[in-house]
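The residues making up each chain are set out below.
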Amino acid sequence: MDWTSYHRIETIHQFLDDVAAEHPNLAEIISIGNSTENRDLKLIKIGNSKNETKLAIWIDGGIHAREWITPAVTTWIINQLLNNSAQYADLLNAFDFYIIPSTNPDGYEYSHETTRLWRKTRSLTTNKDCLGVDPNRNYIHGWSGPGSSDDPCSEIFRGYAPFSEPETRAMKDFIGKSVNVNWQLYLTIHSYSQVILSPWGYKYELPDDYKDLMVLAYAAAEAIKKVHGTEYEVGAVTEIFEPGSGGSDDWAKASGFKYSYTYELRDTGEHGFELPSDQIIPTSEETWAGIQAMAKVLLKVTNHKVQNNYASSLFASTTLVIATTIIKYMY
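Residues numbered from 1 in each chain as written. Predicted model: local features only at pLDDT ≥ 70, side-chain atom pairs only at ≥ 80, totals over all residues. Heavy atoms only, no water.

Quick look at the overall build of the protein
Along its length, the protein carries ten helices and eight strands. The C-alpha atoms of the protein give a radius of gyration of 18 Å, which matches the 20 Å a tight globule of 331 residues would have. Dimensions of the protein along its principal axes, counting C-alpha atoms only, are 55 × 45 × 40 Å. In the protein, which comprises 331 residues, the share counted as buried stands at 60%. Of the roughly 13300 Å² of accessible surface on the protein, 48% is carried by carbon and sulfur atoms. (Helix = DSSP H or I, 4+ residues; strand = E, 2+ residues; numbered from the N terminus. Rg over C-alpha atoms; globule rule 2.2 N^0.38 Å. Buried < 20%, exposed > 50% of the residue type's maximum accessible area, 1.4 Å probe, protein only. Areas by Shrake-Rupley, 256 points an atom, 1.4 Å probe, with all protein chains shown as cover.)

Looking at the pairing of strand β7 (residues 233-236)
Inspection of the sheet shows strand β6 (residues 195-198) paired to β7 by four bridges, in the parallel sense. Bridge pairing links isoleucine 196 to valine 234 in β7. Handedness of the β-α-β unit built from β6, helix α6 (residues 210-228) and β7 comes out right-handed. (Pairing = 2+ DSSP bridges. Right-handed = clockwise from strand over helix to strand, strands pointing away.)

Notes on the environment of threonine 121
Among the secondary structure elements, threonine 121 is positioned in the loop between α4 (105-113) and α5 (166-177). C-alpha separation for the pair threonine 121 and valine 297, spaced 176 residues apart in sequence, amounts to 35 Å. If we ignore the near neighbours within four places in the chain, the residues touching threonine 121 are Asn104, Leu131, Gly132, Val133, Pro135, Glu165 and Glu167. Within the structure, the side chain of threonine 121 is placed 2.8 Å from the side chain of glutamate 165, a separation counted as a polar contact. (Contact = heavy atoms within 4.5 Å. Polar contact = N/O pair within 3.5 Å; in protein donor to acceptor, adjacent residues only side chain to side chain.)

Considerations on the environment of asparagine 83
In this structure, asparagine 83 sits in helix α2 (residues 69-83). Taking the C-alpha atoms as reference points, asparagine 83 and glutamine 279, separated by 196 residues in sequence, lie 21 Å from one another. Every residue in contact with asparagine 83, bar those within four places of it in the chain, is listed here: Val19, Glu22 and His23. Among the polar contacts made by the side chain of asparagine 83, one reaches the side chain of histidine 23 at a distance of 2.8 Å.

Looking at empty space enclosed by the protein
The full count for this structure, using the stated rule, is one cavity of 30 Å³ or more. If you add up the space inside the largest cavity, you get close to 50 Å³. Lining of the largest cavity is provided by 13 residues; of these, Ser5, Tyr6, His7, Ala72 and Thr75 occupy positions nearest its centre. Broken down by element, the residue count for the lining of the largest cavity peaks at three residues, all from α2. (1 Å grid on protein atoms, 1.4 Å probe; cavity = no way out; pocket = protein on both sides within 12 Å on 5 of 7 lines; lining within 4 Å. Points joined across faces, edges and corners; volume = space filled by probe spheres on them.)

Points about the side chain of arginine 119
Here arginine 119 lies in the loop between α4 and α5. At 3.2 Å, the side chain of arginine 119 forms a polar contact with the backbone oxygen of glutamate 155.

Re the packing of helix α1 (residues 9-22) against α2
Viewed as axis vectors pointing N to C, α1 and α2 meet at an angle of 10 degrees, and their least axial separation amounts to 11 Å. Comparing the axis directions of α1 and α2 gives the class roughly parallel. In this structure, α1 uses Ile12, Phe15, Leu16, Val19 and Glu22 to contact α2, whose residues at the interface are Pro71, Thr75, Ile78, Asn79, Leu82 and Asn83. Grouping the constituent residues of the contact of α1 with α2 by class yields seven nonpolar, three polar and one charged. (Axes fitted to C-alpha atoms, helices over the stretch in contact; angles between N-to-C directions. Parallel < 35°, antiparallel > 145°, perpendicular 65-115°, else oblique. Nonpolar A, V, L, I, M, F, W, Y, C, P; charged D, E, K, R; others polar.)

Observations concerning the confidence of the model for the protein
A low pLDDT score tells you not to read the predicted coordinates there in detail. The predicted model of the protein has a mean per-residue pLDDT of 93, with 92% of residues at 70 or higher. This model gives residues 304-328 a pLDDT under 50, and the stretch forms 35 contacts once residues within four places in sequence are excluded. (pLDDT = per-residue confidence, 0-100.)

What to know about the packing of aromatic side chains
This model, assessed by the stated rule, comprises 19 aromatic pairs. Judged by centre distance (5.2 Å) and plane angle (75 degrees), the ring pair of phenylalanine 157 and tyrosine 160 falls under edge-to-face. With a relative accessible area of 1%, phenylalanine 157 lands in the buried category. Residue tyrosine 160 is classed as partly exposed on the basis of its relative accessible area of 46%. Each residue in the set Trp58, Tyr98, Phe174, Trp183, Tyr186 and Phe257 is aromatic and connected to the rest through ring pairs, giving one cluster. Above the face of the tryptophan 68 ring, arginine 116 is positioned so that its terminal group lies 3.6 Å from the ring centre. (Phe/Tyr/Trp six-rings, centres within 6.5 Å; stacked < 30°, edge-to-face > 60°. Lys NZ or Arg CZ within 6 Å of the ring centre and 35° of its normal.)

Examining unusual backbone geometry
Residues other than glycine predominantly adopt negative phi, and peptide bonds predominantly adopt the trans conformation. The linkage connecting serine 191 with the following residue, tyrosine 192, adopts the cis geometry, with an omega of 5 degrees. For tyrosine 192, the position within the fold is in the loop between β5 (183-191) and β6. Cis rather than trans, the peptide bond between arginine 266 and aspartate 267 has omega equal to -5 degrees. Structurally, the position occupied by aspartate 267 is in the loop between β8 (259-265) and α9 (280-302).

Right under this line is the structure:
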């Protein structure tokens, strides 16, 4: 598989199978369920299995079908971790990565075959002309709140109940049943806007540990900028966007992930969801730099190798940039 073009789900899944087979000591394929149209929800677990006391990082892409850059970036990261594993030995010894490039494969295929800017799943609704649920409004934490809709024809239709979609339900079940996994960092990859978002999305109040969350977010934004000069804003969802209730990042935070974020990748609107394929590699390079920066800070924090006032001092020395324009329906 290459990263100079966008690929269909069959190619992505074949890549996962092939790269895992080539690195059996580091990778394992796990099917966490099936989509409405019975496509596999295929995840790859990556890490050095010799270490039994590892931290776990979850990364998902493709929750919104039209955001083609996100499966591309997540597969690029998988390729880096496995085909350049010696370079990332410290990360692979310290962390297990659980990466699912496409959490909405039905919508993704539909966006290739029929409607390029399709966002939702492809499940049936009460309106035969309006299929699909916005999976990022279908999680239980804050479900049915502001920034979601009960109209099946809306792009932000939340579904008829939390976890009504097999795609969101599969993720919830897998994470919830993985009781022996030390979940620490949840990352959901979206586009576009060039922002790193923390909870909450369903309300304007900030989490009690907001300053802790900002430490990792600012570290990521700084690392991203060093690669190609791309600037990312940082803040809670409702500091930058309008509220969006029922999002996966809010659910992950409420379900036990200390650190939970949404990455909104390139760009800021010139190409929007139709990012040219020649930007796949640079976008991947800078996104991976940001994720590595988060992982390294997380490792320091969990190993108590930083001063207790690290978060406060870093937060106080950094000016939070808040977007002046509210952008709808990216998150």
